Amino acid sequence: MTRSPSARAETSGPPNMHHVAELAGVSVATVSNVLNHPEKVAESTRAKVEGAIDQLGFTLNQTARALRSGEAHTIGLVVIDLTNSLFVDVARGAQSRAQSSAFSLQLASANNDLRMQDDHLQFFDSARASGIILAPMQESDDQIRRVRRHGRPVVVVNFDSHLTDSCRVLIDNERAGYVAAKHLIDQGRTRIAFVAARDDYQPVRDRRRGARAAVEEAGGSVELVEVQTTDLDPPGGVDAGKRLAAMPDATRPDAVLAVTDLLAMSIINELTNTGVRVPEDVAVMGCDHNSAAWGGAIPLSSVAMQGEEMGRAAVDLLLGELRDGQEGHVHRRVLLQPHLVVRESTVGRDRVASAAAT
């Protein structure tokens, strides 16, 4: 005797396909067809199964489905730090492109922890994600190789990995450092403090290299003063700012290029708190266009990093590899160009529009 969908099925734990089949009076295979291939099921049977699903509150376990099929139709995105709006922009761009291609995007932040980054990669690998986008700050080749050995494509964002079997989408960080330093030089600044920490981070090294190139190009008329601080976050800027503010007027740099906007924001606060005028006495420049640093009294000049475009390009490359297969895919290195964003911290309120136009 079969039971009608109006009957109440007793279940232990969350309802599953067997409970649906029992309540609808059909086989589990029929329930599976209703969920995955409804065109194969008669309308009357489909209605009974759908009624049972509604009554039981059954939802398909997508993780289990992925384990059975080997495919989750999901892209995993692992970023190093969500407090930096660059990675928020990368996620926004990746999500819009993934959704337009009928993929879902799952986001994880490593909180500047290489071990946590590895944990996230292992999770997406074990959950059978279709592919993974990784935005690291340090060399992660061993982690990437392990995931790729399991047949999972990985696209690297914002880091120029030595691997030749993964696509990469990069911002030209050396160009970012050059553009920032060149802007200060164009404003007539002759003694520029380059404030940085974490030289183990590739973008930091690249921006330093670019700043040095701009100063060398000036032919000896400009000096670059290297200032190492404790970290890339605001406490590091407080440390550097206090040291700069304590310098005598005659020897203090007349410009600061901080390798991150969070450093620059804190440096501005320390300078102005001690009576040093920004930008009249010291122009201050950031280098990564982090929206978390936009709230200060003096709007910060910086370099825009094209985060949304990076995210979109990374999904395009990942989907291309999924279509081609790992053996037939030609890996690409996409290099995006940053651009200058001029605000009051380097040119003063009355000159922002004209400086941005040059």
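Residues numbered from 1 in each chain as written. Predicted model: local features only at pLDDT ≥ 70, side-chain atom pairs only at ≥ 80, totals over all residues. Heavy atoms only, no water.

Some words on the confidence of the model for the protein
Detailed conclusions should not be drawn from predicted coordinates in areas where pLDDT is low. Summary statistics for the protein give a mean pLDDT of 88 and a share of 89% for residues scoring 70 or more. Note that residues 1–11 has pLDDT below 50 and, in this model, 22 contacts with residues that lie over four places away or in other chains. (pLDDT = per-residue confidence, 0-100. Contact = heavy atoms within 4.5 Å.)

What about the sheet that holds strand E3 (residues 131–135)?
One open sheet holds the 6 strands; their spatial order is E2-E1-E3-E4-E5-E11, and the pairing between them is parallel. With partners counted over all chains shown, the strands left at the sheet margins are strand E2 (104–109) and strand E11 (333–336), one partner each. Strand-to-strand, the axes of this sheet are offset by a mean angle of 15°, without reference to chain direction. As paired elements, E3 and strand E4 (residues 154–157) share 3 bridges and run parallel to each other. Note on E4: the bridge partner recorded for isoleucine 133 is valine 155. Lying over the sheet, helix H7 (residues 141–149) contacts E3 and E4, oriented at roughly 155° with respect to E4. (Pairing = 2+ DSSP bridges. Helix = DSSP H or I, 4+ residues; strand = E, 2+ residues; numbered from the N terminus. Axes fitted to C-alpha atoms, helices over the stretch in contact; angles between N-to-C directions.)

Observations regarding the pattern of salt bridges
This model, assessed by the stated rule, comprises 23 salt bridges. Across the pair arginine 148 and aspartate 165 runs a salt bridge whose closest N-O atoms are separated by 3.7 Å. Of the two residues, arginine 148 is situated in helix H7 and aspartate 165 in the loop between E4 and strand E5 (167–171); the sequence distance between them amounts to 17 residues. The exposure class assigned to arginine 148 is buried, which follows from its relative accessible area of 8%. Aspartate 165 gets classed as partly exposed once you look at its relative accessible area, which sits at 34%. Between aspartate 200 and arginine 198 there is a salt bridge, with the nearest N and O atoms lying 2.7 Å from each other. (Salt bridge = Lys/Arg side-chain N within 4 Å of Asp/Glu carboxyl O. Buried < 20%, exposed > 50% of the residue type's maximum accessible area, 1.4 Å probe, protein only.)

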